[in-house]
Amino acid sequence: MLYAKGDSRRDSGFTIFYMGINIGAFIAPLVCGLLQVKYGWHVGFGAGGIGMLFALLIFYFKTIPELEKYTTEIGMDSTWDKPMFYNKNAIYFIIFFIAILIILAFLITQNIIILNPITIAKNMAFMILICTGAYFIYIFFFGNLKSHEKKSLAVFALLFIAASVFWSVYEQQPTSFNFFANSFTDRVVFGFEIPTPWFQSVSALFVILLAPVMTIIWTKLANSNREISSIMKFSLGLLCASLAFFIMALASKEAMKVGLVSPLWLIFSFLFLVIGELCLSPVGLSLMTKIAPNAIRSQAMGLWFVAGALGDVIAGIIGGGVSEENIESLPNLFYECVWILLAVAALMIMVKKPIDKMMQK
(Lines give C-alpha, C1' and ligand atoms only; values in the text may rest on other atoms or scores of the structure.)
Protein backbone atom coordinates (compact mmCIF):
# COMPACT_ATOMS: atom_id res chain seq x y z
CA MET A 1 0.00 0.00 0.00
CA LEU A 2 1.45 3.33 -1.08
CA TYR A 3 -0.06 5.54 1.60
CA ALA A 4 -0.47 4.39 5.12
CA LYS A 5 -1.35 6.20 8.31
CA GLY A 6 1.82 7.75 9.59
CA ASP A 7 3.21 8.86 6.24
CA SER A 8 3.10 12.48 7.37
CA ARG A 9 5.12 11.63 10.47
CA ARG A 10 7.67 9.97 8.22
CA ASP A 11 7.62 12.97 5.88
CA SER A 12 8.16 15.24 8.88
CA GLY A 13 11.30 13.37 9.83
CA PHE A 14 12.72 13.84 6.37
CA THR A 15 11.74 17.51 6.51
CA ILE A 16 13.97 17.97 9.60
CA PHE A 17 16.78 16.08 7.84
CA TYR A 18 16.33 18.34 4.83
CA MET A 19 16.46 21.44 7.02
CA GLY A 20 19.89 20.34 8.20
CA ILE A 21 21.17 20.28 4.62
CA ASN A 22 19.99 23.84 4.12
CA ILE A 23 21.89 25.22 7.10
CA GLY A 24 25.02 24.75 5.02
CA ALA A 25 23.22 26.06 1.93
CA PHE A 26 22.42 29.25 3.86
CA ILE A 27 25.95 29.86 5.15
CA ALA A 28 27.86 28.97 1.97
CA PRO A 29 26.65 31.80 -0.33
CA LEU A 30 27.18 34.37 2.43
CA VAL A 31 30.80 33.33 3.00
CA CYS A 32 31.79 32.28 -0.51
CA GLY A 33 29.84 35.11 -2.14
CA LEU A 34 31.52 37.77 -0.03
CA LEU A 35 34.95 36.27 -0.69
CA GLN A 36 34.18 36.17 -4.42
CA VAL A 37 33.24 39.85 -4.46
CA LYS A 38 36.35 40.91 -2.52
CA TYR A 39 38.99 38.47 -3.77
CA GLY A 40 37.66 36.80 -6.92
CA TRP A 41 36.09 33.52 -8.00
CA HIS A 42 39.10 31.34 -7.20
CA VAL A 43 39.00 32.28 -3.52
CA GLY A 44 35.20 31.95 -3.40
CA PHE A 45 35.22 28.46 -4.86
CA GLY A 46 38.26 27.50 -2.78
CA ALA A 47 36.42 28.39 0.43
CA GLY A 48 33.58 26.07 -0.59
CA GLY A 49 36.05 23.26 -1.20
CA ILE A 50 37.66 23.77 2.22
CA GLY A 51 34.22 23.62 3.86
CA MET A 52 33.45 20.34 2.10
CA LEU A 53 36.81 18.94 3.23
CA PHE A 54 36.00 19.76 6.88
CA ALA A 55 32.61 18.08 6.49
CA LEU A 56 34.24 14.96 5.06
CA LEU A 57 36.77 14.84 7.91
CA ILE A 58 33.99 15.17 10.50
CA PHE A 59 32.07 12.35 8.80
CA TYR A 60 35.13 10.12 8.64
CA PHE A 61 36.47 10.62 12.15
CA LYS A 62 33.21 11.09 14.04
CA THR A 63 30.21 9.64 12.21
CA ILE A 64 31.64 6.40 10.83
CA PRO A 65 33.06 5.22 14.21
CA GLU A 66 29.64 5.83 15.75
CA LEU A 67 27.90 3.87 12.99
CA GLU A 68 30.30 0.94 13.36
CA LYS A 69 29.05 0.43 16.91
CA TYR A 70 25.76 -0.83 15.50
CA THR A 71 26.33 -4.41 14.38
CA THR A 72 22.63 -5.22 14.16
CA GLU A 73 19.93 -3.65 12.03
CA ILE A 74 18.58 -1.39 14.74
CA GLY A 75 15.62 0.56 13.45
CA MET A 76 16.00 -0.84 9.94
CA ASP A 77 13.77 -3.09 7.93
CA SER A 78 15.39 -6.49 7.47
CA THR A 79 15.37 -6.07 3.69
CA TRP A 80 17.92 -3.25 3.84
CA ASP A 81 21.49 -4.18 3.01
CA LYS A 82 23.98 -4.01 5.84
CA PRO A 83 26.44 -1.16 5.30
CA MET A 84 29.99 -1.90 4.24
CA PHE A 85 32.35 0.35 6.14
CA TYR A 86 35.66 -0.69 4.60
CA ASN A 87 36.78 -1.74 1.16
CA LYS A 88 40.43 -2.72 0.87
CA ASN A 89 40.53 -1.64 -2.79
CA ALA A 90 39.08 1.81 -2.13
CA ILE A 91 42.50 3.49 -1.82
CA TYR A 92 43.48 2.26 -5.29
CA PHE A 93 40.31 3.67 -6.84
CA ILE A 94 40.95 6.99 -5.12
CA ILE A 95 44.55 7.16 -6.38
CA PHE A 96 43.41 6.23 -9.90
CA PHE A 97 40.78 8.97 -10.07
CA ILE A 98 43.12 11.59 -8.57
CA ALA A 99 45.69 10.71 -11.24
CA ILE A 100 43.04 11.04 -13.96
CA LEU A 101 42.01 14.46 -12.59
CA ILE A 102 45.64 15.67 -12.53
CA ILE A 103 46.18 14.54 -16.12
CA LEU A 104 42.94 16.19 -17.26
CA ALA A 105 43.79 19.42 -15.44
CA PHE A 106 47.19 19.50 -17.14
CA LEU A 107 45.73 18.86 -20.61
CA ILE A 108 43.09 21.57 -20.09
CA THR A 109 45.57 24.19 -18.86
CA GLN A 110 47.77 23.46 -21.88
CA ASN A 111 44.75 23.90 -24.19
CA ILE A 112 45.21 20.36 -25.48
CA ILE A 113 41.63 19.66 -24.41
CA ILE A 114 39.19 22.50 -25.10
CA LEU A 115 36.13 22.46 -22.88
CA ASN A 116 32.76 23.59 -24.16
CA PRO A 117 30.43 23.88 -21.15
CA ILE A 118 27.24 23.71 -23.22
CA THR A 119 28.38 20.55 -25.01
CA ILE A 120 29.49 19.02 -21.70
CA ALA A 121 26.13 19.79 -20.08
CA LYS A 122 24.12 18.36 -22.97
CA ASN A 123 26.24 15.21 -23.09
CA MET A 124 25.97 14.82 -19.33
CA ALA A 125 22.17 15.12 -19.43
CA PHE A 126 22.07 12.58 -22.26
CA MET A 127 24.31 10.15 -20.36
CA ILE A 128 22.24 10.43 -17.16
CA LEU A 129 19.02 9.82 -19.12
CA ILE A 130 20.47 6.81 -20.95
CA CYS A 131 21.99 5.28 -17.81
CA THR A 132 18.93 5.72 -15.60
CA GLY A 133 16.60 4.59 -18.37
CA ALA A 134 18.68 1.45 -18.96
CA TYR A 135 18.81 0.86 -15.22
CA PHE A 136 15.03 1.00 -14.79
CA ILE A 137 14.46 -1.21 -17.84
CA TYR A 138 16.98 -3.78 -16.61
CA ILE A 139 15.49 -3.91 -13.12
CA PHE A 140 11.95 -4.15 -14.54
CA PHE A 141 12.63 -7.05 -16.91
CA PHE A 142 15.60 -8.83 -15.34
CA GLY A 143 15.40 -7.92 -11.65
CA ASN A 144 13.22 -10.90 -10.67
CA LEU A 145 10.57 -8.51 -9.43
CA LYS A 146 7.13 -9.69 -8.42
CA SER A 147 4.04 -8.16 -9.99
CA HIS A 148 3.41 -5.65 -7.20
CA GLU A 149 7.11 -4.70 -7.16
CA LYS A 150 6.98 -3.88 -10.87
CA LYS A 151 4.06 -1.57 -10.14
CA SER A 152 6.07 0.06 -7.38
CA LEU A 153 8.98 0.49 -9.78
CA ALA A 154 6.69 2.15 -12.33
CA VAL A 155 5.54 4.65 -9.68
CA PHE A 156 9.16 5.14 -8.63
CA ALA A 157 10.14 5.97 -12.23
CA LEU A 158 7.21 8.39 -12.58
CA LEU A 159 8.23 10.24 -9.43
CA PHE A 160 11.83 10.26 -10.67
CA ILE A 161 10.72 12.04 -13.85
CA ALA A 162 8.49 14.49 -11.97
CA ALA A 163 11.29 15.30 -9.53
CA SER A 164 13.75 15.87 -12.39
CA VAL A 165 11.33 18.33 -14.01
CA PHE A 166 10.87 20.14 -10.69
CA TRP A 167 14.61 20.48 -10.10
CA SER A 168 15.22 21.56 -13.69
CA VAL A 169 13.14 24.68 -13.05
CA TYR A 170 13.87 25.06 -9.33
CA GLU A 171 17.59 25.30 -10.01
CA GLN A 172 17.08 28.37 -12.17
CA GLN A 173 18.07 30.15 -8.96
CA PRO A 174 21.82 30.12 -9.70
CA THR A 175 21.23 30.84 -13.41
CA SER A 176 18.33 33.02 -14.57
CA PHE A 177 17.39 34.12 -11.03
CA ASN A 178 20.99 35.05 -10.29
CA PHE A 179 21.21 36.95 -13.57
CA PHE A 180 18.00 38.81 -12.70
CA ALA A 181 19.35 39.65 -9.24
CA ASN A 182 22.59 40.97 -10.71
CA SER A 183 21.19 42.94 -13.65
CA PHE A 184 17.63 43.97 -12.82
CA THR A 185 17.36 44.14 -9.03
CA ASP A 186 17.99 47.22 -6.90
CA ARG A 187 20.50 45.73 -4.45
CA VAL A 188 21.36 48.89 -2.52
CA VAL A 189 19.89 48.85 1.01
CA PHE A 190 20.77 51.72 3.40
CA GLY A 191 23.80 52.53 1.27
CA PHE A 192 25.09 48.92 1.25
CA GLU A 193 25.12 47.00 -2.01
CA ILE A 194 24.06 43.42 -1.40
CA PRO A 195 26.43 40.97 -3.16
CA THR A 196 24.48 39.09 -5.82
CA PRO A 197 25.43 35.61 -4.47
CA TRP A 198 23.77 36.47 -1.14
CA PHE A 199 20.37 36.07 -2.78
CA GLN A 200 21.19 32.36 -3.07
CA SER A 201 20.95 32.16 0.74
CA VAL A 202 17.35 33.40 0.77
CA SER A 203 15.79 30.09 -0.21
CA ALA A 204 17.89 28.16 2.33
CA LEU A 205 16.86 30.64 5.03
CA PHE A 206 13.20 30.09 4.16
CA VAL A 207 13.75 26.33 4.40
CA ILE A 208 15.22 26.70 7.89
CA LEU A 209 12.34 28.94 9.00
CA LEU A 210 9.50 27.02 7.34
CA ALA A 211 10.60 23.39 7.76
CA PRO A 212 9.42 23.25 11.41
CA VAL A 213 6.13 24.85 10.34
CA MET A 214 5.61 22.23 7.64
CA THR A 215 6.50 19.50 10.11
CA ILE A 216 3.82 20.76 12.52
CA ILE A 217 1.26 20.95 9.69
CA TRP A 218 1.92 17.39 8.46
CA THR A 219 1.87 16.03 12.01
CA LYS A 220 -1.37 17.78 12.96
CA LEU A 221 -3.05 16.60 9.76
CA ALA A 222 -1.94 13.05 10.52
CA ASN A 223 -3.19 13.22 14.12
CA SER A 224 -6.58 14.51 12.97
CA ASN A 225 -6.94 11.81 10.27
CA ARG A 226 -6.85 14.43 7.50
CA GLU A 227 -3.55 13.31 6.07
CA ILE A 228 -2.61 14.49 2.57
CA SER A 229 -1.24 11.77 0.33
CA SER A 230 2.36 12.05 -0.83
CA ILE A 231 1.30 12.37 -4.48
CA MET A 232 -0.83 15.38 -3.57
CA LYS A 233 2.09 16.89 -1.68
CA PHE A 234 4.13 16.40 -4.83
CA SER A 235 1.46 18.21 -6.83
CA LEU A 236 1.27 21.05 -4.31
CA GLY A 237 5.01 21.47 -4.58
CA LEU A 238 4.80 21.78 -8.35
CA LEU A 239 1.91 24.25 -8.13
CA CYS A 240 3.74 26.47 -5.62
CA ALA A 241 6.82 26.48 -7.83
CA SER A 242 4.70 27.50 -10.83
CA LEU A 243 3.40 30.46 -8.78
CA ALA A 244 7.01 31.45 -8.01
CA PHE A 245 7.86 31.52 -11.70
CA PHE A 246 4.70 33.46 -12.50
CA ILE A 247 5.93 36.14 -10.06
CA MET A 248 9.29 36.19 -11.82
CA ALA A 249 7.62 36.49 -15.21
CA LEU A 250 5.77 39.58 -13.98
CA ALA A 251 8.96 40.92 -12.40
CA SER A 252 10.94 40.51 -15.61
CA LYS A 253 8.23 42.31 -17.59
CA GLU A 254 8.35 45.15 -15.06
CA ALA A 255 12.13 45.26 -15.36
CA MET A 256 11.85 45.61 -19.13
CA LYS A 257 9.91 48.83 -18.51
CA VAL A 258 11.59 50.51 -15.55
CA GLY A 259 15.03 48.91 -15.25
CA LEU A 260 15.90 47.98 -11.66
CA VAL A 261 13.05 46.53 -9.58
CA SER A 262 12.55 45.84 -5.89
CA PRO A 263 14.28 42.76 -4.41
CA LEU A 264 10.87 41.81 -2.98
CA TRP A 265 10.03 40.25 -6.34
CA LEU A 266 12.86 37.77 -5.88
CA ILE A 267 12.16 37.26 -2.18
CA PHE A 268 8.49 36.38 -2.73
CA SER A 269 9.43 34.10 -5.60
CA PHE A 270 11.95 32.34 -3.35
CA LEU A 271 9.25 32.01 -0.70
CA PHE A 272 6.87 30.09 -2.96
CA LEU A 273 9.72 28.05 -4.42
CA VAL A 274 10.68 26.95 -0.92
CA ILE A 275 7.10 26.09 0.02
CA GLY A 276 7.01 23.95 -3.10
CA GLU A 277 10.37 22.43 -2.25
CA LEU A 278 9.22 21.54 1.27
CA CYS A 279 6.08 19.92 -0.12
CA LEU A 280 7.99 17.88 -2.68
CA SER A 281 11.58 17.25 -1.70
CA PRO A 282 11.44 15.79 1.83
CA VAL A 283 8.28 13.92 0.81
CA GLY A 284 10.15 12.57 -2.20
CA LEU A 285 13.00 11.32 -0.04
CA SER A 286 10.49 9.61 2.22
CA LEU A 287 8.33 8.21 -0.56
CA MET A 288 11.19 6.89 -2.67
CA THR A 289 12.57 4.80 0.18
CA LYS A 290 9.08 3.57 1.05
CA ILE A 291 7.85 2.39 -2.36
CA ALA A 292 11.14 1.16 -3.82
CA PRO A 293 11.20 -2.59 -4.55
CA ASN A 294 13.45 -4.56 -2.24
CA ALA A 295 15.98 -5.06 -5.04
CA ILE A 296 16.79 -1.33 -5.18
CA ARG A 297 15.72 -0.12 -1.76
CA SER A 298 19.28 0.53 -0.60
CA GLN A 299 19.80 2.60 -3.77
CA ALA A 300 16.58 4.62 -3.52
CA MET A 301 18.10 7.69 -1.93
CA GLY A 302 20.93 7.69 -4.45
CA LEU A 303 18.43 7.54 -7.30
CA TRP A 304 16.50 10.44 -5.78
CA PHE A 305 19.65 12.55 -5.91
CA VAL A 306 20.30 11.39 -9.47
CA ALA A 307 16.94 12.98 -10.31
CA GLY A 308 18.21 16.16 -8.70
CA ALA A 309 21.47 15.95 -10.64
CA LEU A 310 19.60 15.52 -13.92
CA GLY A 311 17.42 18.49 -13.07
CA ASP A 312 20.48 20.59 -12.21
CA VAL A 313 22.11 19.85 -15.56
CA ILE A 314 18.94 20.67 -17.49
CA ALA A 315 18.54 23.85 -15.42
CA GLY A 316 21.99 24.95 -16.51
CA ILE A 317 21.16 24.29 -20.15
CA ILE A 318 17.86 26.20 -19.93
CA GLY A 319 18.85 29.16 -17.79
CA GLY A 320 22.52 29.40 -18.70
CA GLY A 321 21.73 30.89 -22.09
CA VAL A 322 20.16 34.06 -20.68
CA SER A 323 22.34 37.14 -21.16
CA GLU A 324 22.20 40.86 -21.83
CA GLU A 325 22.07 40.15 -25.56
CA ASN A 326 18.83 38.14 -25.40
CA ILE A 327 17.25 39.66 -22.32
CA GLU A 328 13.88 39.95 -24.03
CA SER A 329 13.59 36.15 -23.80
CA LEU A 330 13.63 36.18 -19.98
CA PRO A 331 9.85 36.63 -19.45
CA ASN A 332 9.17 33.83 -21.95
CA LEU A 333 11.60 31.57 -20.12
CA PHE A 334 9.77 32.09 -16.84
CA TYR A 335 6.37 31.58 -18.47
CA GLU A 336 7.59 28.33 -20.06
CA CYS A 337 8.61 27.11 -16.60
CA VAL A 338 5.13 27.98 -15.31
CA TRP A 339 3.45 25.90 -18.01
CA ILE A 340 5.82 22.96 -17.59
CA LEU A 341 5.21 22.85 -13.85
CA LEU A 342 1.44 23.13 -14.27
CA ALA A 343 1.46 20.32 -16.84
CA VAL A 344 3.42 17.96 -14.59
CA ALA A 345 1.23 18.87 -11.60
CA ALA A 346 -1.88 18.12 -13.65
CA LEU A 347 -0.39 14.77 -14.67
CA MET A 348 0.36 13.86 -11.06
CA ILE A 349 -3.19 14.74 -10.01
CA MET A 350 -4.64 12.73 -12.91
CA VAL A 351 -2.71 9.57 -12.00
CA LYS A 352 -3.26 9.87 -8.25
CA LYS A 353 -6.36 7.66 -8.05
CA PRO A 354 -5.06 4.94 -10.41
CA ILE A 355 -1.79 4.83 -8.47
CA ASP A 356 -3.66 4.61 -5.17
CA LYS A 357 -5.73 1.69 -6.45
CA MET A 358 -2.76 -0.01 -8.03
CA MET A 359 -0.65 0.20 -4.88
CA GLN A 360 -3.46 -1.00 -2.60
CA LYS A 361 -3.82 -4.31 -4.46
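Please refer to the structure higher up on the page.
Residues numbered from 1 in each chain as written. Predicted model: local features only at pLDDT ≥ 70, side-chain atom pairs only at ≥ 80, totals over all residues. Heavy atoms only, no water.

Caption draft 1: A look at the overall build of the chain. Of regular secondary structure, the chain possesses 12 helices and two strands. The N-to-C order of helical and strand elements in the chain reads α-α-α-α-α-α-β-β-α-α-α-α-α-α. By the burial criterion, 40% of the 361 residues in the chain qualify as buried. Long-range contacts, defined as pairs at least 24 residues apart, comprise 82% of the intrachain contacts of the chain with a sequence gap of at least 6. (Helix = DSSP H or I, 4+ residues; strand = E, 2+ residues; numbered from the N terminus. Buried < 20%, exposed > 50% of the residue type's maximum accessible area, 1.4 Å probe, protein only. Contact = heavy atoms within 4.5 Å.)

Caption draft 2: Expanded view of the nonpolar core. One finds L159, F180 and F245 to be the most contacted residues of the largest nonpolar core, which totals 73 residues. In terms of residues, this core owes the most to one element, helix α9 (residues 264–291), which gives 12 residues. Not counting chain neighbours up to four residues away, the residues in contact with L159 comprise I231, F234, L287, M288, I291 and M348. (Core = buried A, V, L, I, M, F, W, Y, C linked by side-chain atoms within 4.5 Å.)

Caption draft 3: Layout of the packing of aromatic side chains. A complete count under the given rule lists 18 aromatic pairs for this structure. Ring geometry for F179 against F184: centres 6.0 Å apart, planes inclined by 70 degrees, an arrangement best described as edge-to-face. The burial state of F179 is the same as that of F184; both residues are buried. For the pair F180 and F184, a centre-to-centre distance of 6.0 Å together with 35 degrees between the ring planes defines the contact as tilted. (Phe/Tyr/Trp six-rings, centres within 6.5 Å; stacked < 30°, edge-to-face > 60°.)

Caption draft 4: Looking closely at a nonpolar patch on the surface. There is a patch of nonpolar side chains on the surface, built from F93, F96, F97, I100, L101, L104, I108, L115, I120 and M124 and spanning about 940 Å² of accessible area. Sorting the residues of the nonpolar patch by element identifies α3 (90–109) and α4 (117–142) as the ones contributing at least two each. A per-element tally of the nonpolar patch places α3 first, with seven residues. As for its position among the elements, L115 is in the loop between α3 and α4. (Patch = residues over 30% accessible without salt bridge, like charges linked within 9 Å, V, L, I, M, F, W, Y side chains within 5 Å. Areas by Shrake-Rupley, 256 points an atom, 1.4 Å probe, with all protein chains shown as cover. Salt bridge = Lys/Arg side-chain N within 4 Å of Asp/Glu carboxyl O.)

Caption draft 5: Structural context of the state of the cysteines. According to the stated counting rule, one finds zero disulfides in the structure shown. With no disulfide of its own, C240 lies 5.2 Å from the sulfur of C279, the closest cysteine sulfur. (Disulfide = S-S within 2.5 Å.)

Caption draft 6: Broad picture of the pattern of salt bridges. For the structure shown, the criterion picks out one salt bridge. Here E193 makes a salt bridge to R187, at a shortest N to O gap of 3.4 Å.

Caption draft 7: Representation of α9 in the model. For α9, spanning 28 residues, the distance from its first C-alpha to its last is 40 Å, which sits close to the expected 40 Å at 1.5 Å a residue. Within α9, the axis deviates most sharply at G284, by approximately 30 degrees. Most of α9 sits inside the fold, with 20 of its 28 residues counted as buried. (Expected span 1.5 Å × (residues − 1). Bend = angle between axes of the 7 residues up to and from the residue.)

Caption draft 8: Region of interest: the environment of A343. By the secondary structure assignment, A343 is in helix α11 (residues 330–350). Separated by 105 residues in sequence, A343 and L238 place their C-alpha atoms 9.2 Å apart.

Caption draft 9: Region of the structure containing the environment of L145. Along the chain, L145 turns up in the loop between α4 and α5 (147–170). Along the sequence, L145 and P293 sit 148 residues apart, while their C-alpha atoms lie 7.7 Å from each other. Look past the residues within four positions of L145 in its chain and what remains in contact with it is I139, F140, K150, L153, P293 and A295.

Caption draft 10: Quick look at the side chain of S203. Here S203 lies in helix α7 (residues 200–223). Note on S203: relative accessible area 8%, which makes it buried. For S203, the residues in contact, after removing those within four places along its chain, are Y170, Q173, F270 and V274.

Caption draft 11: Here's a closer look at the packing of helix α8 (residues 230–258) against α11. Relative orientation of the contacting elements α8 and α11 amounts to 165 degrees, with a least axis distance of 8 Å. Taken together, α8 and α11 sit at an angle that is classed as roughly antiparallel. Crossing of α8 against α11: the hand is left-handed. Residues belonging to the contact of α8 with α11 are distributed by class as follows: 23 nonpolar, three polar and one charged. (Axes fitted to C-alpha atoms, helices over the stretch in contact; angles between N-to-C directions. Parallel < 35°, antiparallel > 145°, perpendicular 65-115°, else oblique. Left-handed = near helix turned anticlockwise from the far one by under 90°. Nonpolar A, V, L, I, M, F, W, Y, C, P; charged D, E, K, R; others polar.)

Caption draft 12: Structural detail: the side chain of S242. Looking at the secondary structure, you find S242 in helix α8. Judged by relative accessible area, which is 6%, S242 ranks as buried. Looking at S242, its side chain comes within polar contact range of the main-chain oxygen of L239, at 2.5 Å. Each residue touching S242, except ones within four places of it in the same chain, is listed here: V338, L341 and L342. (Polar contact = N/O pair within 3.5 Å; in protein donor to acceptor, adjacent residues only side chain to side chain.)

Caption draft 13: Broad picture of unusual backbone geometry. Even without being glycine, N111 reaches a positive phi, approximately 60 degrees. One can find N111 in the loop between α3 and α4. Notably, N225 is not glycine yet its phi reads approximately 60 degrees, a positive angle. Within the secondary structure layout, N225 lies in the loop between α7 and α8.

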